[in-house]
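As a plain string of letters, each chain reads:
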Amino acid sequence: MARKTPELDASSMADIAFLLLIFFLVTTTMEVTTGINRKLPPPPEKDVDIPDIKDRNIMNILISRTDRMLVNGKPGSLETLTDEVKAFMTPHYPDDPNYPETKLETIDLLGEVHKSKGIISLKNDRGTSYDMYIQVQDKLAIAFTELKNDFSQKKFGKNYKDLNEAQAKAVGKAIPVPVSEAEPENIGNN
Amino acid sequence: MSRFKKKGGKDTPGISTASLPDIIFMLLFFFMVTTVMRETEMLVKINPTSAKEVQKLEKKSLVSFIYVGEPVRTKLGTNTRIQLNDAFATVKDIPEFIAQERAARDEVDRKFLTTSLKVDKETKMGIVTDIKQELRKVGAFKINYSVTEAKED
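Residues numbered from 1 in each chain as written. Chains lettered and ligands numbered in written order. Predicted model: local features only at pLDDT ≥ 70, side-chain atom pairs only at ≥ 80, totals over all residues.

With respect to the packing of helix α3 (residues 130–156) of chain A against helix α4 (residues 165–174) of chain A
Residues and elements named next belong to chain A.
Piece 1. Following both chains from N to C, one finds α3 and α4 inclined at 125°, their axes separated by 10 Å at the closest point. Compared by their axis directions, α3 and α4 come out oblique. For the element pair α3 and α4, the recorded crossing hand is right-handed. Seen from α3, the contacting residues are K148, F151, S152 and F156; seen from α4, they are Q167, V171 and A174. (Axes fitted to C-alpha atoms, helices over the stretch in contact; angles between N-to-C directions. Helix = DSSP H or I, 4+ residues; strand = E, 2+ residues; numbered from the N terminus. Parallel < 35°, antiparallel > 145°, perpendicular 65-115°, else oblique. Left-handed = near helix turned anticlockwise from the far one by under 90°. Contact = placed C-beta atoms within 7 Å.)

As structure tokens, this is what we get:
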């Protein structure tokens, strides 16, 4: 009969593992990895004509250095901004002079679509707080997500994020996100 | 007497701890995998703002961070400062920073490089705008405003 090899004492293994575990527990930081993705426009070329855009096609959002908002010259608030943007960007046909013009465009999968020509112009002061700026960006993002969802529901019976790639692309074409950020101005000296 | 009688007394057998290391190791591996070592020491205070429409930041290796906020050490005043890597910087240092970040990545990955702005919520937009203008000049168009997800209310 072969001699039995003495069993290895593994009781301290747990202690070693515990030490390592505690080290990693302490060093772990569950970091914030969420954010709002944006794409900056390329720098303006020198002598490029500023396109002429009709007044009715532009929604002006101005944020002052005291974090107050002017929407088309009237005081606005964060609570109503989403609805205002949605109303503004929803294509109205037949033509309604209170809303932006529309143009007919043929898009794959969707056929002919009335597309709003509206543009949202966002302008902030150098003294505007970052928090306010993000809140406004967020409200705009919510408005466009809701518009896309409504449109996707109507056309495909699904929410925008459940669409497949080709469908999502088509919806993205039908509902662009025309947010233009104006070059900042120093209105209140900051 | 009976031949089935055990040698020892009636001691209750101890609970086997043989599988304890395995359990601990499992936990250990979990934390090892999820751990992100902080590579920079924060010199500025950042109290992130929150928003509802947030996206997850993917591919963390392709993200370079710019921190903006008040210095942690109160001796340095309360003026908003920019932190790049481990040191304070000015807006003028950003092109070089971006160039370094690009040089550190593979050529194929360079165009996916995102700049994440971690900005304190009290910061004035002026400095953020300056950073954005600087990023535009060097062609780092993909940016991400780092915010936490707002709880539904």
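Read on for the rest.
A look at the sheet that holds strand β3 (residues 69–71) of chain A
All names here are of chain A.
Piece 1. One open sheet holds the 5 strands; their spatial order is β4-β3-β2-β7-β8, and the pairing between them is mixed. Edge positions in the sheet fall to β4 (74–76) and β8 (179–181), since each has one partner strand and no second. Pairs of neighbouring strands in the sheet enclose a mean axial angle of 30°, with direction left out of account.
Piece 2. Pairing geometry for β3 and β4, over 3 bridges, is antiparallel. Note on β4: the bridge partner recorded for V71 is K74.
Piece 3. The sheet strands contacting helix α2 (residues 78–89) are β2 (58–63), β3, β4 and β7 (119–124), and the helix crosses β4 at an angle near 120°. (Pairing = 2+ DSSP bridges.)

Looking at the confidence of the model for chain B
Note: predicted coordinates in regions of low pLDDT should not be interpreted at a detailed level.
Piece 1. With 90% of its residues at a pLDDT of at least 70, chain B reaches an overall mean of 81.
Piece 2. For this predicted complex, the interface score ipTM comes out at 0.73, alongside a pTM of 0.75. (pLDDT = per-residue confidence, 0-100.)

Examining the pairing of strand β5 (residues 81–84) of chain B
Residues and elements named next belong to chain B.
Piece 1. Relative to β5, strand β4 (residues 63–71) is paired through 4 bridges, and the arrangement is antiparallel. Residue pairing across strands places Y67 opposite Q83, the latter belonging to β5.
Piece 2. As paired elements, β5 and strand β6 (residues 87–89) share 3 bridges and run antiparallel to each other. Bridging from a neighbouring strand, L84 pairs with A87 of β6.
Piece 3. The hairpin turn running from β5 into β6, its antiparallel successor, is 2 residues long, and N85 in that turn takes a positive phi close to 50°.

Regarding the confidence of the model for chain A
Piece 1. For chain A, the mean per-residue pLDDT works out to 79, and 90% of the residues sit at or above 70.
Piece 2. Model confidence for chain A, summarised as mean pLDDT per element, is weakest for strand β5 (residues 102–107) of chain A at 78 and strongest for α3(A) at 87.

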